[in-house]
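# Structural overview for review
The primary structure of each chain is shown beneath.
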Amino acid sequence: MTTTSPTTPELSPPSRQTYLDAGYTVRSWLLTKDHKRIAILYLISITLFFFVGGAAAVLFRLDLMTPEGDLVRSETYNKLFTVHGIVMIFFFLIPSIPAVMGNFILPMMIGAPDLAFPKLNLLSWYLFMTGGIFAVAAIVLGGVDTGWTFYTPYSSTYSNTNVMLTAVGAFIAGFSSILTGLNFIVTTHTMRCPGMYWSRLPLFVWSMYATAIVMVLGTPVLAMALLLVAVERGFRIGIFDPALGGDPILFQHLFWFYSHPAVYIMVLPAFGVMSELVPAFSRKRIFGYNFIAYSSLAIAVLGFLVWGHHMFVSGQSVYAGAVFSMLSFMIAVPSAIKVFNWTATLYKGHISYDTPMLFALGFIGLFTVGGLTGLFLATLAVNVHVHDTYFVVAHFHYIMVGGAVMAYMGGLHYWWPKMTGRMYAEGWARLSALIIFLGFNLTFFPQFILGYQGMPRRYHFYVPEFQVLNVMSSAGASILGIGYLIPLVYLLWSLRYGPVASANPWGATGLEWQTPSPPPTENFLETPVVTADPYDYPSETYAEPEPGASSPGPRADLAGV
């Protein structure tokens, strides 16, 4: 744990031109090499995909309000949950925090003017959009019904839907992910400002670095698996289909070798956001800096060793199952270290309940539930009982939505003033955080009970005794949908009518808060020099909120920036 004085490089003078003023034409945005503008392009793109995936979820949840599935046909139901899974995972969750906040904040956090490869960064957005267009085309042309897992031989042989179009979309989007990860790794190694040693890196940067390693090493495996599906489907070469001499279990190994680490591509950046929010709104130095930083790397490494726990009922060796079970328990340790350290940071902190902090507190509770239920799934006997049931759906969403999306929302509200130069309506923001928390729990907690009682996932019909819990879940999904629509309105409103944000409205430490809001094109008018560690919130720098203010006043040394 670090013990030295605050990180307080020279403050930049007010900027005459922000990155938003660098050009107003469509061309200036579509050909930009500024990491901040590219982050905004990602923000707009993934928001659109989020509502596409969300609309699919609302439709099939409405359909599940009755045991007979009266709203849509079974074929349509299969396509709806497939669209929801593919769009949400490949086109929202995976790029959300890395591509938006990582792109915007990471260079500023290390005092760099941009990412190492600006052109490659822009190319990654174009690849992402190209993949997204293929996916949307697949939906418009009739949809796909394989589930987001593309399990063979159904996907390679029997499905008559747009499997290849969707797979090509995911394949291309994967290269976007690889290029982004490569850019983050090289930037972190080579572009840190003077004094920004590895031991002084913000924990968000550590998380993004660990995420980037998983992106670069894991994503090519999924690309290869999808390519092999295409080869078998197109040329009838037996790879996965037993009728052609192939092995369907091979696909599951390849798919989960990527897709379990992909869970950490989605949640490791969320850990990084949490490590910024908790100390900022507790006005307290983060507890156990080194443990949090190294646990991110441990998760990145262990994440590649646990894919077999998705295959306990596939017929794999009992001994292999035991090993994967043990490794799955092991990966809970670094995750628990983070939760413990965030909680210890809260202890005796000067906590302010601004919107980012509300999302952060929601994250801690929901992620803990998701993590603990993951231990049940790592247990061989329990896993067999609840395999492919709604218990798995609930666990997955407590990690991905309760964890990753809550952190994304928290980070978005935290850095929104920096990104736009405007504050949002705090009252509405707090209300939306509360609605999302309540709606989420009403949606997914009943699914734990449904799964434990034996309701399989992805079934269009179910027995009548499951209806009450399904209606509760569907009602929660509607509330959750409203909770997500409210921020869309007040954040857009803030762009024109929101109060002008100061450089550091939260009184936070970190280099990104020591440049104007919104930042100049080059981030800093002078290269900052870091003289001490991050997260130094000693009690003497705490300032009580001004009357009527919604957040603590800025630190004395940052006031007036």
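All values derive from a computational prediction rather than experimental measurement. (Residues numbered from 1 in each chain as written. Predicted model: local features only at pLDDT ≥ 70, side-chain atom pairs only at ≥ 80, totals over all residues. Heavy atoms only, no water.)

### Things to note about the overall build of the protein chain
Rules: Secondary structure elements follow DSSP: runs of H or I no shorter than four residues count as helices, runs of E no shorter than two count as strands, and numbering proceeds from the N terminus. Residue contacts follow a heavy-atom distance rule, with two residues in contact if any of their heavy atoms lie within 4.5 Å. In this charge count, Lys and Arg are treated as positive and Asp and Glu as negative; neither His nor the chain ends contribute. Lys charges are placed at NZ, Arg charges at CZ, Asp charges at CG and Glu charges at CD.
Each helix and strand counted, the protein chain has 16 helices and zero strands in total. Considering only intrachain contacts with a sequence separation of at least 6, the fraction spanning at least 24 residues in the protein chain is 83%. Of the side-chain charges in the protein chain, 25 are positive and 26 negative, and the distance between the mean point of each set is 5 Å.

### A look at the layout of surface pockets
Put simply, the test is: The distinction between a cavity and a pocket rests on a 1 Å grid over the protein atoms alone: a 1.4 Å probe fits inside a cavity but cannot get out, while a pocket stays open yet meets protein on both sides within 12 Å along at least five of seven lines, and a residue with an atom within 4 Å of a point counts as lining. Grid points are joined across faces, edges and corners, and a volume is the space filled by probe spheres set on the points.
Looking at the second largest pocket, its volume works out to about 560 Å³. As for the second largest pocket, its lining consists of 24 residues, of which L43, T47, W416, L491 and L492 are closest to the centre. When contributions to the lining of the second largest pocket are tallied by element, the ones reaching two or more residues are helix 2 (35-63), helix 14 (390-420) and helix 16 (467-497). In terms of residue count, helix 14 provides more of the lining of the second largest pocket than any other element does, seven residues in total.

### A look at empty space enclosed by the protein
Let me state the cut-off plainly: Only Asp, Glu, Lys and Arg are considered charged in this grouping, and only Ala, Val, Leu, Ile, Met, Phe, Trp, Tyr, Cys and Pro are considered nonpolar; every other residue, Gly among them, is considered polar.
On inspection of all chains with the given rule, the structure shows four cavities of 30 Å³ or more. Here the largest cavity defines a volume of roughly 180 Å³. Of all elements in the fold, only helix 3 (74-109), helix 6 (163-190) and helix 7 (203-235) reach the threshold of two or more residues within the lining of the largest cavity. Considering only residue class, the lining of the largest cavity consists of 14 nonpolar, five polar and no charged.

### Brief notes about the pattern of salt bridges
Selection rule: Salt bridge, as used here: a side-chain nitrogen of Lys or Arg that lies within 4 Å of a carboxyl oxygen of Asp or Glu. Relative accessibility under 20% of the residue-type maximum defines a buried residue, over 50% an exposed one, and the middle range a partly exposed one, all with a 1.4 Å probe and only protein chains included.
Enumeration over the complete set of coordinates arrives at seven salt bridges. One salt bridge connects D34 with K36, and the closest N-O pair in it is separated by 3.0 Å. Note that D241 is salt-bridged to R236, the shortest N-O span being 3.9 Å. Overall, D241 belongs to the buried group, its relative accessible area being 3%.

### Examining the confidence of the model for the protein chain
Applicable threshold: The pLDDT value expresses, per residue, how confident the predictor is, ranging between 0 and 100.
Confidence along the protein chain averages 91 in pLDDT terms, with 93% of residues attaining 70 or more. Across residues 1-15 the pLDDT falls below 50, and counting only partners more than four positions away or on other chains, this stretch makes 53 contacts in the model. Within the model, pLDDT remains below 50 along residues 545-561, and this stretch shows 39 contacts once partners closer than five positions in the same chain are excluded.

### Some words on unusual backbone geometry
Here T152 and P153 are connected by a cis peptide whose omega angle stands at 0°. Tracing the chain through its elements places P153 in the loop between helix 4 (118-140) and helix 5 (154-158). That bond from S517 to P518 is cis: its omega, -10°, falls within 30 degrees of zero. The residue P518 is located in the segment after helix 16 in this model. In the Ramachandran plot, F150 falls in the positive-phi region, its phi being about 55° despite a non-glycine side chain. With respect to the helices and strands, F150 occurs in the loop between helix 4 and helix 5. Judged by its relative accessible area of 2%, F150 is buried.

### Regarding the environment of G315
Along the chain, the position of G315 falls in the loop between helix 9 (289-302) and helix 10 (318-330). For the pair G315 and I249, spaced 66 residues apart in sequence, the C-alpha to C-alpha distance is 8.9 Å.

### Focus on the packing of aromatic side chains
Note the threshold: Think of it this way: a Phe, Tyr or Trp ring, Trp meaning its six-membered ring, pairs with another when their centres are within 6.5 Å, and the plane angle makes it stacked under 30 degrees, edge-to-face over 60, tilted otherwise. As a reminder, the over-ring test applies to NZ of lysine and CZ of arginine, requiring each to be within 6 Å of the ring centre and within 35 degrees of the ring normal.
Across all of its chains, the model carries 48 aromatic pairs by this definition. A centroid spacing of 5.8 Å and a plane angle of 25° characterise the contact between F251 and F255, whose relative ring orientation is stacked. Residue F251 and its partner F255 are both found in helix 8 (residues 248-282); the two are separated by four residues, about one turn of the helix. Residue classification places F251 among the buried residues on the basis of a relative accessible area of 0%. Overall, the relative accessible area of 0% leaves F255 in the buried class. Here R37 stacks its cationic end above the ring of W29, 4.1 Å away from the centre of that ring.

### A short note on helix 3
As a reminder of what qualifies: Here a helix's expected span is defined as the number of its residues, less one, multiplied by 1.5 Å. One fitted axis covers the seven residues ending at a residue, a second covers the seven starting there, and the bend at that residue is the angle between these axes.
With 36 residues, helix 3 extends 49 Å from end C-alpha to end C-alpha; this agrees with the ideal 52 Å at 1.5 Å per step. When the local axis directions of helix 3 are compared, the greatest deviation, roughly 60°, occurs at P95. Counted residue by residue, helix 3 has 31 buried out of 36 residues, so it is predominantly covered. The positive-phi residue at the C-terminal boundary of helix 3 is G111, with phi of around 75°.

### Focus on the packing of helix 8 against helix 12 (residues 355-378)
Put simply, the test is: Think of each axis as a best-fit line through the C-alpha atoms, taken over the contacting stretch in the case of a helix, with angles from 0 to 180 degrees between the N-to-C directions. Each angle is binned into one of four classes, with values under 35 degrees roughly parallel, values over 145 roughly antiparallel, values of 65 to 115 roughly perpendicular, and all other values oblique. Working rule for handedness: look at the near helix, and if it is turned counterclockwise from the far one by less than a right angle, call the crossing left-handed; if clockwise, right-handed.
As a packed pair, helix 8 and helix 12 sit with axes 9 Å apart at the nearest point and diverge in direction by 130°. The pairing of helix 8 with helix 12 is recorded here as oblique in orientation. In this structure, helix 8 meets helix 12 at a crossing whose hand is left-handed. Of the residues in helix 12, those in contact with V267, A270, F271, M274, L277, V278, F281 and S282 of helix 8 are P356, M357, A360, F363, I364 and F367. Partitioning the contact of helix 8 with helix 12 into residue classes produces 13 nonpolar, one polar and no charged.

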